[in-house]
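So you can see what is in the structure, the chains are spelled out below.
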Amino acid sequence: MYSNMETRPLTPRNAKTKAVWVGLGLLVASVGVFSLANSGNKAFLSKSAVREGLRAHGMQSTHTRTGSSSFSIRQHPNSIFGISRLHGGNAQSTTRVQSTSGIPDPNNADGFESNISPSIAEKVGAQLHLQQDHPLNIIKKKIEAYFDSMSGDNHKFKSFDDLDAYVSTQACFDDVLVPPDHVSRKISDTFYKSPTEVLRTHTSAHQTELLRKGERAFLVTGDCFRRDEIDASHYPVFHQMEGVKVFDPKDTPNLSVDMVVEDLKKHLEGMVKVIFGEVEMRWVDAYFPFTHHSMELEVFFNGDWLEVLGCGVMQEKILESSGIGPGKGEHMAWAFGMGLERLAMVLFEIPDIRLFWSKDARFLTQFEDGKITKFKPFSKYPPCYKDVSFWLPEKFEENDVFAMVRDEAGDLVEGVELIDQFTHPKTNRESRCYRINYRSMERSLTNEEVDDIQLRVRDKMTAYGADLR
């Protein structure tokens, strides 16, 4: 959750790229929700969810694009951060895209329709992080090896990388202190199998489960899922890695918060050296609802300060609900989270997140276990732009647009951008125009196949209730 993600690449923290997020009311991402990570997808709240949260409070967001971990939105004191196809996109979804904007009622499954399309369902279990010589697996192994070397008599880190991606809403949200009415629970942002079961939005969904089973020092790596926008750094599936270490006062005399923070910094600074080499580092105060003494770790890399991860001392309530405690003065714990795609895109210089899913040997054979090598582009095929304009239906979620395009185009869509919007002065109806950029990473697309995809997208939008122009 500290992560989240996205899936967004690491970006410099400076005046031009820093995101300014004002008044969100609890954005949760990981470790308890910092799904730790810079996940490929920033925390587990989507950007549209953030915008909606701001609108609900009568505010606007002022920002430029930035990539950061769930732990890396510039925090407001009361905020909690949040957080396709490979085979040509020809699968037809049998699941209706839901336009309802509410949170599914766990006590009423009547008439509920899952929003998990075939293109998303087929990616469950793909587990790129377990594929030998894959960039995500290379980084994962480096981190696991480092924490194995840091294990001691009382704390031996155990790795979990094959946990079920389907989790209960209790584990995904309630156990990590996500408010009942938080926008991250909306069906427009999260993939629901049923009102009480979702595809995890962060690896922190397994945190209390593992603590209750007696695990006291562990790493969790897994694929996470979130409905989100479409561009080179966003994908509905991303990978997060988080770590937790619990301190027992019986093993650590005079245990204090300062001791926990010092141990946390020592572990994470050492991990960064393993990943980036000898680089300058700095700690930045942050806010996360599932931790206190929360921080972000930044490194000076390639001439810029980059956010790498989020972390902090775990909230006592999470420990207590996991059967550990009572909290203050006794058991304490730290946790951190990061997104693997974000790290890999920087370290391997991979420009498009879709490449991680490529089966093209020209991509896969460039990488070798244990080595970080720069990606060498093997082709750049021409793009094909198509616009679609429509009057918004009564219940509209921007993520629904992205989902409809992904369902039909799969990995043949490179980006979807809002290029124009207009509100009729008399009827007050809003019209929007989105530009869809189709481009394959492996071959040239024909006009015929793009036209066919575009027609299916338009048909799906009509069925959704949009009035095409």
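For the structure, check the block above.
Draft legend 1. The arrangement of the overall build of the protein in detail. The helix and strand inventory of the protein stands at 11 helices and 14 strands. Every one of the 469 residues in the protein was classed for burial, and the buried ones make up 59%. A total of about 18,200 Å² of accessible surface is found on the protein, and carbon and sulfur atoms cover 48% of it.

Draft legend 2. How the structure looks around the sheet that holds strand 14 (residues 467-468). Pairing in this open sheet of 4 strands is antiparallel, and the strands run 12-13-11-14 from one edge to the other. Each having just a single partner strand, strand 12 (413-423) and strand 14 make up the two edges of the open sheet. With 9 bridges connecting them, strand 12 and strand 13 (residues 430-438) associate as antiparallel partners. Across the sheet, residue Phe422 finds its bridge partner in strand 13, namely Ser431. On the sheet, helix 11 (residues 447-464) packs against strand 11 (384-391), strand 13 and strand 14 and is oriented at approximately 15° with respect to strand 11.

Draft legend 3. Up close: the packing of aromatic side chains. In the structure shown here, the tally under the stated rule is 17 aromatic pairs. Geometrically, the ring pair formed by Phe390 and Phe396 is tilted, given 6.2 Å between the ring centres and 55° between the ring planes. Classification of Phe390 as buried rests on a relative accessible area of 1%. We classify Phe396 as buried; its relative accessible area is 18%. Through a chain of ring-to-ring contacts, three or more aromatic side chains come together here, namely Tyr146, Phe147, Phe157, Trp334 and Phe336. Lys123 extends its terminal NZ or CZ atom over the ring of Trp357, reaching a point 4.3 Å from the ring centre. In this arrangement the basic side chain of Lys193 is found over the ring face of Tyr166, its NZ or CZ atom lying 4.8 Å from the centre.

Draft legend 4. Spatial organisation of the pattern of salt bridges. Tallying each qualifying case throughout the model produces 30 salt bridges. The salt bridge involving Arg456 is made with Glu408; its shortest N-O contact spans 2.7 Å. Here the residue Arg456 occupies a position in helix 11, and Glu408 occupies one in helix 10 (residues 398-409), the gap between them amounting to 48 residues. For the residue pair Arg456 and Glu408, the accessibility class agrees, reading buried in each case. Three or more residues are tied together by salt bridges with common partners; here these are Asp407, Glu408, Asp452, Arg456 and Lys460.

Draft legend 5. Representation of the sheet that holds strand 3 (residues 192-194). On the basis of which strands lie adjacent, the open sheet formed by 3 strands has the order 2-4-3 and antiparallel pairing. At either end of the open sheet lies a strand with only one pairing partner, and these are strand 2 (166-168) and strand 3. Each strand of the sheet is rotated relative to its neighbour by a mean of 35°, with strand direction disregarded. Bridge analysis of strand 3 against strand 4 (residues 197-199) gives 2 bridges, and the strand direction is antiparallel. Within strand 4, the residue paired with Ser194 across the bridge is Glu197.

Draft legend 6. Here's a closer look at the packing of helix 3 (residues 135-149) against helix 6 (residues 257-276). Here helix 3 crosses helix 6 at 135°, and the two axes come no closer than 10 Å. Of the possible angle classes, the one that applies to helix 3 and helix 6 is oblique. Where helix 3 crosses over helix 6, the handedness of that crossing is right-handed. Along its contact with helix 3, which presents Lys142, Ile143, Tyr146 and Phe147, the element helix 6 presents Lys266, His267, Leu268, Gly270, Met271, Val274 and Ile275. Each residue belonging to the contact of helix 3 with helix 6 can be placed in one class, and the counts come to 7 nonpolar, 2 polar and 2 charged.

Calculation rules
Residues numbered from 1 in each chain as written. Predicted model: local features only at pLDDT ≥ 70, side-chain atom pairs only at ≥ 80, totals over all residues. Heavy atoms only, no water. Helix = DSSP H or I, 4+ residues; strand = E, 2+ residues; numbered from the N terminus. Buried < 20%, exposed > 50% of the residue type's maximum accessible area, 1.4 Å probe, protein only. Areas by Shrake-Rupley, 256 points an atom, 1.4 Å probe, with all protein chains shown as cover. Pairing = 2+ DSSP bridges. Contact = heavy atoms within 4.5 Å. Axes fitted to C-alpha atoms, helices over the stretch in contact; angles between N-to-C directions. Phe/Tyr/Trp six-rings, centres within 6.5 Å; stacked < 30°, edge-to-face > 60°. Lys NZ or Arg CZ within 6 Å of the ring centre and 35° of its normal. Salt bridge = Lys/Arg side-chain N within 4 Å of Asp/Glu carboxyl O. Parallel < 35°, antiparallel > 145°, perpendicular 65-115°, else oblique. Left-handed = near helix turned anticlockwise from the far one by under 90°. Nonpolar A, V, L, I, M, F, W, Y, C, P; charged D, E, K, R; others polar.

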